[in-house]
Amino acid sequence: MPQTAVIPIRRAELSDQLHAFMEQTFGDFPYELAVRDWTGRRYSVGLGRDHWRGTPLEIDVGNEASARDLIGLNPVGFLERFVRGESDMAGNLHLLGEIRDHAKLELSPLQAAW
């Protein structure tokens, strides 16, 4: 019984870490990012300025591994999980390039060659 009590606390802590990371990294992002995590928690980050597409980027962080990829600034890992259906993105996908530039995400030479 004590083991089942530890899992929700751990999940909640990682959810809190993800929320803090998103706020810290994208709090001053010009456009809205709508986030939902694997616990069902929902929030928006960014300044919410108008974009020609008219909708926010919706990011569904489907599991803890996807959250760790985001927190660890591992965009390739997150995108691999997206392709496998573990996480999802919808809405204004045009913002992905701006997210890369805003967060200063870069691919290693090996990732770029892949």
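Above this text is the structure in question.
Residues numbered from 1 in each chain as written. Predicted model: local features only at pLDDT ≥ 70, side-chain atom pairs only at ≥ 80, totals over all residues. Heavy atoms only, no water.

This next bit is on the packing of helix 2 (residues 64-71) against helix 3 (residues 75-83). Contact geometry of helix 2 with helix 3 gives a least axis separation of 7 Å together with a crossing angle of 150°. The angle between helix 2 and helix 3 places the two elements in the roughly antiparallel class. Between helix 2 and helix 3 the crossing geometry is left-handed. Residues Ala65, Ser66, Asp69 and Leu70 of helix 2 touch helix 3, and the partners they reach there are Gly77, Phe78 and Arg81. (Axes fitted to C-alpha atoms, helices over the stretch in contact; angles between N-to-C directions. Helix = DSSP H or I, 4+ residues; strand = E, 2+ residues; numbered from the N terminus. Parallel < 35°, antiparallel > 145°, perpendicular 65-115°, else oblique. Left-handed = near helix turned anticlockwise from the far one by under 90°. Contact = heavy atoms within 4.5 Å.)

Secondary-structure assignment places arginine 81 in helix 3. In this structure the side chain of arginine 81 is engaged in a polar contact, spanning 2.6 Å, whose partner is the side chain of aspartate 69. Look past the residues within four positions of arginine 81 in its chain and what remains in contact with it is Asn63, Ala65, Ser66, Asp69, Glu86 and Ser87. (Polar contact = N/O pair within 3.5 Å; in protein donor to acceptor, adjacent residues only side chain to side chain.)

Next up on the list: the pairing of strand 2 (residues 42-45). Across the two faces of strand 2 the burial differs, with Tyr43 and Val45 buried and Arg42 and Ser44 not buried at all. Note: strand 1 (residues 33-37) against strand 2, four bridges, orientation antiparallel. By the bridge assignment, arginine 36 is partnered in strand 2 with arginine 42. Linkage of strand 1 to strand 2, two consecutive antiparallel strands, is achieved through a turn of four residues, within which glycine 40 is found at a positive phi near 95°. (Buried < 20%, exposed > 50% of the residue type's maximum accessible area, 1.4 Å probe, protein only. Pairing = 2+ DSSP bridges.)

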